[in-house]
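Coordinates in review
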Amino acid sequence: MRAADHPAARSDFDGNTLDPEREVIGALFAHEVAAMAVVDGVLDPGDFGCGEYGTIFDAVRRVYASQRALDLLTVAAELRAMDRLHAVGGTSSLAVALAGFRDYYAPLTHLEAHARIVREAAQARRATAQATGFACLAAKGAPLDVLQREAAKVAAHLEGRGPGHMVSAAKGAEGVAERLASAGDGRPACVTTGFREVDALIGGLSPGQLVIIAGRPGMGKTSFALTSSIRAAMAEKAAAKREGRRPRRALFVSLEMPENELYDRAVAGVARVNVQKIMRPHLAPMTQDEFDAFQGGVNRIHALPFTVLDLASAKLSQIRAEAKREHARDPLFRIDLDYLQLVSAETSREAREREVAEISRGLKALAKELGVPVVAMAQLNRGVEKQKDKRPMLADLRESGAIEQDADVVMFAYRDEVYDKNSPDRGIAEIIVAKQRNGPTDTVRLRFVRELALFEDMAPAMGDDVFADRPGPVAAGADCLDAHGAGDGLPDVHVPAAQLGFDDLGPQDAAAGAA
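Read on for a plain summary of the structure. Here the structure is a predicted model, which means the values were calculated and not measured. (Residues numbered from 1 in each chain as written. Predicted model: local features only at pLDDT ≥ 70, side-chain atom pairs only at ≥ 80, totals over all residues. Heavy atoms only, no water.)

Some words on the side chain of Arg280
Assignment of secondary structure puts Arg280 in the loop between helix H12 (275-279) and helix H13 (288-302). A polar contact is formed between the side chain of Arg280 and the side chain of Gln276, at a distance of 2.3 Å. (Helix = DSSP H or I, 4+ residues; strand = E, 2+ residues; numbered from the N terminus. Polar contact = N/O pair within 3.5 Å; in protein donor to acceptor, adjacent residues only side chain to side chain.)

Structure, rendered in structure tokens:
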């Protein structure tokens, strides 16, 4: 096919589907990750009436999934790897097509509507083809039962596939039995929170759950979630080693704290070295023993199945696209988001309360779609501080839209010493489980070690250090974490002090401790 004959280079489109198809693919190049989040799950390559467009769409999806930049070179390389470059007329024809896509593309706000036009046109084409076959069978006098089956196929093509799926009573009952068997034989049921009493209360984090950790600034929401996620990653690493499989990953999406500070805190907690000595080594140098402990902490964090996604700002569609891409590359078992109110709405036409409600519903949908728990931090407003008892209640979430309604579990982080410096509960944090869709509510007291930016159980098990490796998933109950034993199995990685960037580290603006 000559470059001038490529559909993207022609203006005389002979149907109503090619313009939307071209604008959908053009939008992928214009809006990138945000556009892919909109069309992913709506369109397949076979939905395009123009075969070349479908081939290019397939290549673009693969480029996104591999986290490469999207341009002529990467798309051509992917088509070559697929042995499909010839199907679009070669590199020169592809170049003409991509130039055409950049001139014609759908605005992001209209993209979903354009994608559905393409999808519905594909359904109509398939139904038409199926109906033609039905007519031929009828003309040949096919039996009634055969005609009924063919008619059902026509209807199925017209209806298309929706985002949900039907499960019969038989399949549902089998699923219940399988989940119970999994819990009984020690196979994965839920993901540990990393805290025994919290796991005993909520039974761990279940796939598809939206879990909210809310509180006022300074209560330690980030530290609590980070401690929990790191412990869960260590647990998953140990479980994968025992079971002879590749570990799944924890993804920590940070819109507030830069990734280097999160990793500073992670190493500090594992090494039990004051986080200030890691963040500001020139102001607070380590002793030799502390540096040895620090090196051990680096070794343990180095090999963890844990990833930080550091974003200055993001819309829900971008977070969704990044999470799906990471999940496709290497399966995730948990996603943390710090924090919910920093996520931008797709449009700013709605009141902020409605925008936050849209974001919380989107996070719940993401949890269900990927089959992992999504743990989102949420900031409470100053209204809490006007109360005599400063402990938050569910009512304090009402101004944040539908968070309370969408969440399966709502936990509040509260430290009395934030309001009373002479509190008898200095160094103690309360994790208030204010809502649990499938269980009781109560308060769990944890120890908060400010200099380590760390939460830990009040009474660690005998011989158990604060980050002892345990199996990732847990069944319900206080003793489930102890059922499998310990052992990290992490390789030692020597990282010299100079290589860690000590000479380059300057003062950090964010103070160590609670966030």
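This is not the end of the story, as more comes after the structure.
Examining the environment of Lys364
Mapped onto the fold, Lys364 is located in helix H15 (residues 352-370). Considered as a pair, Lys364 and Leu210 are 154 residues apart in the sequence and their alpha carbons are 5.3 Å apart. Discounting chain neighbours no more than four positions away, the residues touching Lys364 are Gly208, Gln209, Leu210, Asp406 and Asp408. At 2.6 Å, the side chain of Lys364 and the side chain of Asp408 are in polar contact. (Contact = heavy atoms within 4.5 Å.)

With respect to the side chain of Glu322
Structurally, Glu322 is set in helix H14 (residues 316-329). For Glu322, a relative accessible area of 15% corresponds to the buried category. Residues within four places of Glu322 in sequence aside, it is in contact with Val33, Gln67 and Leu309. (Buried < 20%, exposed > 50% of the residue type's maximum accessible area, 1.4 Å probe, protein only.)

Observations regarding helix H11 (residues 259-271)
Over its 13 residues, H11 runs 18 Å from end to end, which matches the ideal 18 Å to within 8%, given 1.5 Å per residue. Here H11 lies mainly inside the structure; ten of its 13 residues are buried. Turning to H11, its buried residues number three or more, namely Glu261, Leu262, Asp264, Arg265, Ala266, Val267, Ala268, Gly269, Val270 and Ala271. On its buried face, H11 is in contact with helix H10 (221-243), strand S3 (249-254), H12, H13, strand S4 (306-310) and strand S12 (454-457). Among the residues trailing H11, Arg272 stands out with phi positive, at a value near 60 degrees. (Expected span 1.5 Å × (residues − 1).)

Details of the pattern of salt bridges
Under the criterion given, the structure shown has 25 salt bridges. For the salt bridge of Asp457 with Arg196, the shortest nitrogen-to-oxygen distance reads 3.9 Å. Pair noted here: Asp457 is in strand S12 and Arg196 is in helix H9 (residues 196-202), with a separation of 261 residues, a long-range link. The exposure class assigned to Asp457 is buried, which follows from its relative accessible area of 7%. One salt-bridge network, in which partners are shared between bridges, spans Asp44, Asp58, Arg61 and Arg62. (Salt bridge = Lys/Arg side-chain N within 4 Å of Asp/Glu carboxyl O.)

What about the sheet that holds strand S9 (residues 409-414)?
Spatial ordering of the open sheet is given by S4-S3-S6-S8-S2-S9-S10-S11-S12, a layout of nine strands whose pairing is mixed. Two strands close off the open sheet at either side, each with one partner strand: S4 and S12. Here the average twist between neighbouring strands, direction ignored, is 25 degrees. Note that strand S6 (residues 332-338) and strand S8 (residues 374-379) share three bridges and pair parallel. Across the sheet, Ile335 pairs through a bridge with Val374, a residue of S8. The sheet contacts of H14 involve S3, S4 and S6, and relative to S6 the element is tilted by about 155 degrees. (Pairing = 2+ DSSP bridges. Axes fitted to C-alpha atoms, helices over the stretch in contact; angles between N-to-C directions.)

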